[in-house]
Amino acid sequence: MSKLVTIYGGSGFVGRYIVRRMAQDGWRIRVAVRHPNEAIFVKPYGVVGQVEPIFCNIRDDDSVREAMLGADAVVNCVGILAESGKNTFDAIQIDGAERVARIAAETGVGKLVHISAIGADADGKSTYQQTKSKGEAAVLKHMPDAVILRPSIVFGAEDEFFNRFAGMTRFGPILPVVGADTKFQPVYVDDIAKATRMAVNGAADPGIYELGGPDVQTFRALMEEMLSVIRKRRLIMNIPFFLAAIMGGVFDLLNKISFGLVPSMITRDQVKNLRHDNVVAQDAKTFADLGISPTALEAVLPDYLWRFRPSGQYSDIKKSAKNLTT
């Protein structure tokens, strides 16, 4: 019988790519999520019965344990960018990560892969950075041979970064950003899945790997590249950090008093994150240590941002038509 891997958060942006890669390797896969009925789309990633979404609440011991029953390997993709209700940074990124690792150790799981983030720092200014670091420490306490992957900002067809800002270009000639000079090293989502597959299959040494793409660019440069792909001209306006912090405080308050009905466009914690570059450290283990050549932005962005072009799918046809001679 083929081996079984439980992937917590396996229907999320990164998780679904990991599911697909593991299915290609013949693993049986449990996709442990809060809403399995909304994760049915992962089932065709494998043959009939190979991929199965199941209910799991990462805040509950019994739920996590049941999802892990009989698993040979575990991948934890669960993380949040902003708090909502009971899903706080502490509950998800510290307690949840610790719970998965502790139960994996108790049940004798052979391999554990934990998806963290570049910038994880116990002494960081933001709660996000602090909880990511403390979650890593909790994982290594129970599973010292775990593989921890720290990606920079992740791009791909379902991302919430380039899609979000490309969507914002529909509302006017100005594109506001916070931290225009902050540097990022965008990483393609499927490259993270490749690294995870290697770790689950025992082809990666234990430890922490920082995953970034081949290029380091400022936030402003990334927006300029995005605008070039969607063939639009917009004025990129940098919002000063002090003003962004005030805006984040207002959005945080509105979100809290509305019980989450008013979404936060940006939070104070995210503003703190944007003050720091999000790039691979010079002394870190990287894709190179895994033998993976990371994918460049320009190789992927046009494949999914075309829908934001003025003429959408017909943009290339209209561009070619202009070059026709009569």
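Each chain carries its own residue numbering, running from 1 in the direction its sequence is written. Only residues with pLDDT of at least 70 get local features here, since the model is predicted, and only at 80 or more are side-chain atom pairs given and counted; chain-wide, interface and lining totals rely on the full set of residues. Side-chain calculation: all heavy atoms of the structure are included, whereas hydrogens and water are not.

## Section: the overall build of the protein chain
- Under the DSSP-based scheme used, a helix requires at least four consecutive residues in state H or I and a strand at least two consecutive residues in state E, with every element numbered from the N terminus. Within the protein chain, the secondary structure is distributed over 12 helices and 13 strands.
- This radius of gyration counts C-alpha atoms alone. The globule rule is 2.2 Å times how many residues there are, raised to the power 0.38. Against the compact-globule benchmark of 20 Å for 326 residues, the protein chain has a radius of gyration of 21 Å, which places it among compact chains.
- Contacts: residue pairs with any heavy atoms within 4.5 Å of one another. Partitioning the intrachain contacts of the protein chain with sequence separation of at least 6 by distance along the chain shows that 75% fall at a separation of at least 24.
- A positive count includes Lys and Arg, and a negative count includes Asp and Glu. His and the chain ends are not counted in either. Every charge is mapped onto a representative atom, which is NZ of Lys, CZ of Arg, CG of Asp or CD of Glu. One finds the centroid of the 39 positive side-chain charges in the protein chain at a distance of 6 Å from the centroid of its 36 negative side-chain charges.

## Focus on helix H7 (residues 219–230)
- The terminal C-alpha atoms of H7, which comprises 12 residues, lie 17 Å apart, in line with the 16 Å expected from a rise of 1.5 Å per residue.
- Whether a residue is buried, partly exposed or exposed follows from its accessible area with a 1.4 Å probe, protein chains only, as a fraction of its type maximum: under 20%, in between, or over 50%, in that order. The set of residues buried in H7 consists of Phe219, Leu222, Met223, Glu225, Met226, Leu227, Val229 and Ile230.
- Once H7 ends, the next one or two residues include arginine 231, with phi positive near 60 degrees. Multiplying 1.5 Å by the residue count of a helix minus one yields the expected span of that helix.

## Focus on the nonpolar core
- Residue types Ala, Val, Leu, Ile, Met, Phe, Trp, Tyr and Cys, when buried and joined through side-chain atoms within 4.5 Å, form a set referred to as a nonpolar core. Ranked by size, the top nonpolar core spans 69 residues in total, and within it Ile7, Ile18, Ile29, Phe162, Met223, Met226 and Leu305 carry the most contacts.
- Those residues in contact with phenylalanine 162 that sit more than four places away from it in its chain are Phe155, Leu222, Met223, Met226, Leu297, Leu301, Tyr304 and Leu305.
- Ranked by size, the runner-up nonpolar core spans 26 residues in total, among them Ile58, Val100, Ala104 and Val109.

## A short note on the packing of aromatic side chains
- Here is the rule: rings of Phe, Tyr and Trp (six-membered ring for Trp) pair when centre to centre is within 6.5 Å. Planes less than 30 degrees apart are stacked, more than 60 are edge-to-face, and the remainder are tilted. Per the counting criterion, the structure on display carries 10 aromatic pairs.
- Summarising the aromatic geometry, the rings of phenylalanine 161 and phenylalanine 165 are spaced 5.5 Å apart at their centres and angled 65 degrees between planes, so their arrangement reads as edge-to-face. Here phenylalanine 161 and phenylalanine 165 have matching classes, each one buried.
- Ring centres of phenylalanine 161 and phenylalanine 184 lie 6.2 Å apart, and the angle between their planes is 45 degrees; on these two criteria the pair is classed as tilted. Here phenylalanine 184 lies in strand S9 (residues 183–184) and phenylalanine 161 lies in the loop between strand S7 (154–155) and helix H5 (162–168), a separation of 23 residues in the sequence. In terms of burial, phenylalanine 161 and phenylalanine 184 fall into one category: buried.
- In our convention, an over-ring charge means Lys NZ or Arg CZ found within 6 Å of a ring centre and within 35 degrees of that ring's normal. When the ring centre of tyrosine 45 is taken as origin, the NZ or CZ atom of arginine 20, which lies over that ring, is 4.3 Å away.

Scope: geometric values only; no functional claims are made or implied.
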